[in-house]
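Single-letter residue listing:
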Amino acid sequence: MQIRKALVLGMARSGAAAARLLVARGCEVTICDLKTKEQFGGALDDLNVQGVHWRLGEDPLPLLDGMDALIVSPGIPDTHPAVVRAREMGVEVMGELEYAYRESLGLLLAVTGTNGKTTTCTLLGEIFKNAGRRTWVVGNIGAPYAQAVPKMRAGDVTVCEVSSFQLETVSQFHPAVAAVLNVTEDHLNRHGTMENYIALKERIFANCREGDVVTLNYDDETTRAMAAHTRAKVVWFSRSGSAPSGALVREGKVVFVDESGPRTVCAVEEIALPGPHNLENALAATAMAMSAGIPAPVVRHTLRAFQGVEHRLEFVRELDTVRYINDSKGTNVDSTLWAIRSMTAPTVIILGGSYKKADYHPLAREMVRGNIAHAVLIGDTAQAIEAALKDEGFTAYEHAGHDFEKAVRIARARAVPAGNVLLSPACASFDMFTDYEARGREFKRIVKGLESNMP
């Protein structure tokens, strides 16, 4: 169905990008958001053109009449009254991801999972760029899919990071290579149950058929079971080396095994990204790239050179022999568990943020047996985290309330020589910041402003 009239609900990055693409395609567009025009501070001024109707700060329900489509921001759940009403009226509901896909060109590879999406997508994008392909890295990673679509050509490659929120509103979305990296407890405040969350993750490959590839983590019981739910070719990745084929670790080497036999990519120790979680990300990217025909030498070069992404175990500075590490992208318990396991020296961790209906006891247990010497608790979840720490016998913690700069300064005071200060909150950021990126940038600003205590 061609969209002639659309209501775009939610005018953050993805909604604004969808509106701009709709305008470029000749659609009549109504934009709506809880914020008023003044609150956007000029960010949407380029949409003040003929064919765009501004309804900022208004109720979206009366705006649905006559619409072909309602395009919603990922932050708007399926239960929103406008979404429910649109479906009752027969107005098609989709997200920016779905609409951008329908307008896009070239080869699409898509990645979802609870953790590792951004690193895997960025690495995969670098592999294709190093192979000489014109490549767009888009989606939940920060650059909206719809923003890149007008510039796409038929031979291009798109690597798309996909969240469970975005998967709520897909229908035709169809990557040629789709990956599910892992599934652990997250976003249950939105999705309700793990069964719902897992089912949403599987929607990334719902339209994949013979000739397509679905890349799955063999070492993750949940993702391994997903192989039974697709007609596409399954290509595994496995840090344990247990999978029969795919991208595997064998005898200290990354090996890709398919119908033509095993091909050695590189030694594990050559991979620039540190930590076991990043080894899994590297294996996933290898499996996807080589399934799409990228030669092993290109993958090898990229794995050796790629240094990582901002806000994911990002080294900020060393001050008075203490290393400061920004892992603001640690927005759930499992992600922070991996960060803790990567610490090889006594570490002060900053924990807390907005609530996502998480169980913090696994985090507390890891802190007891890991290299965590002290914790500074912040944000709305501080009391829930404290309760879990008490249950598991971890007593070296203190509170900083919602004062982020105070938290950093406490962490500095508690750090030991040759130790670490790690921001890995295990929570979303929305109680104190607009997103995890803003939180990470503020951490780096504060840390870079600290002065040495040494004479």
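Here is a short report on the structure shown in this document. What you see is a predicted model; the values in this text were computed from it and never measured. Each residue is numbered by its place in its chain's sequence as written, counting from 1. Local features in this predicted model are restricted to residues of pLDDT 70 or higher, and side-chain atom pairs are both shown and tallied only at a pLDDT of 80 or more, whereas totals for entire chains, interfaces and linings draw on every residue. Based on all heavy atoms of the structure, the side-chain values leave hydrogens and waters out of the count.

## Side note on the sheet that holds strand β17 (residues 347-351)
Item 1. Strand pairing is assigned whenever DSSP identifies at least 2 bridges connecting the two strands. Helix and strand labels come from DSSP, where a helix needs a run of H or I of at least four residues and a strand needs a run of E of at least two; each type is numbered from the N terminus. Across the sheet, which stays open at both edges, the six strands sit in the order β15-β16-β20-β17-β18-β19 with mixed pairing between neighbours. With one partner strand each, in any of the chains shown, β15 (314-319) and β19 (397-401) form the two edges of the open sheet. In this sheet, neighbouring strand axes are inclined to one another by 20° on average, regardless of whether the strands run parallel or antiparallel.
Item 2. Here β15 runs beside strand β16 (residues 322-326); their pairing, made up of five bridges, is antiparallel. Throughout, an axis means a line fitted to C-alpha atoms (over the contacting stretch in the case of helices), and angles, computed between N-to-C directions, take values from 0 to 180 degrees.

## Looking at the pattern of salt bridges
Item 1. Throughout this description, the term salt bridge denotes a Lys or Arg side-chain nitrogen within 4 Å of a carboxyl oxygen of Asp or Glu. The full count for this structure, using the stated rule, is 27 salt bridges.
Item 2. One salt bridge connects K233 with E259, and the closest N-O pair in it is separated by 2.9 Å. Separated by 26 residues along the polypeptide, K233 in strand β11 (residues 233-238) and E259 in the loop between β13 (253-258) and β14 (261-267) bring together distant segments of the chain.
Item 3. For each residue, the accessible area found with a 1.4 Å probe, counting protein chains only, is set against the maximum for its type, and the residue is called buried under 20%, exposed over 50%, and partly exposed in between. With relative accessibility at 41%, the residue K233 sits in the partly exposed group.
Item 4. In this structure, R365 engages E392 in a salt bridge whose closest nitrogen and oxygen atoms are separated by 3.1 Å. Here E392 lies in helix α15 (residues 382-392) and R365 lies in helix α14 (residues 361-369), a separation of 27 residues in the sequence.
Item 5. Linked through salt bridges whose partners overlap, the residues forming this network are E405, R409, E442 and R445.

## Structural notes on the environment of G116
Item 1. Structurally, G116 is set in the loop between β6 (107-112) and α5 (117-130).
Item 2. On the basis of relative accessible area, G116 is assigned to the buried category, the value being 19%.
Item 3. In contact with G116, other than residues within four places in its own chain, are L181 and N281. Residue contacts are defined here by distance: any two heavy atoms, one from each residue, within 4.5 Å place the two residues in contact.

## A short note on the side chain of N420
Item 1. Tracing the backbone through its elements, the reader meets N420 in strand β20 (residues 420-423).
Item 2. By relative accessible area, N420 is classed as buried at 6%.
Item 3. Contacts described as polar in this section are N or O atom pairs within 3.5 Å, which, within protein, must combine one atom able to donate a hydrogen with one able to accept it, while residues neighboring in sequence count only if both atoms come from side chains. Of note is the side chain of N420, whose polar atom sits 3.2 Å from the side chain of T347.
Item 4. When near neighbours in sequence (up to four residues on either side) are disregarded, N420 contacts V322, R323, I325, M343, A345, P346, T347 and V348.

Such coordinate-based values are descriptive only and should not be taken to indicate function.
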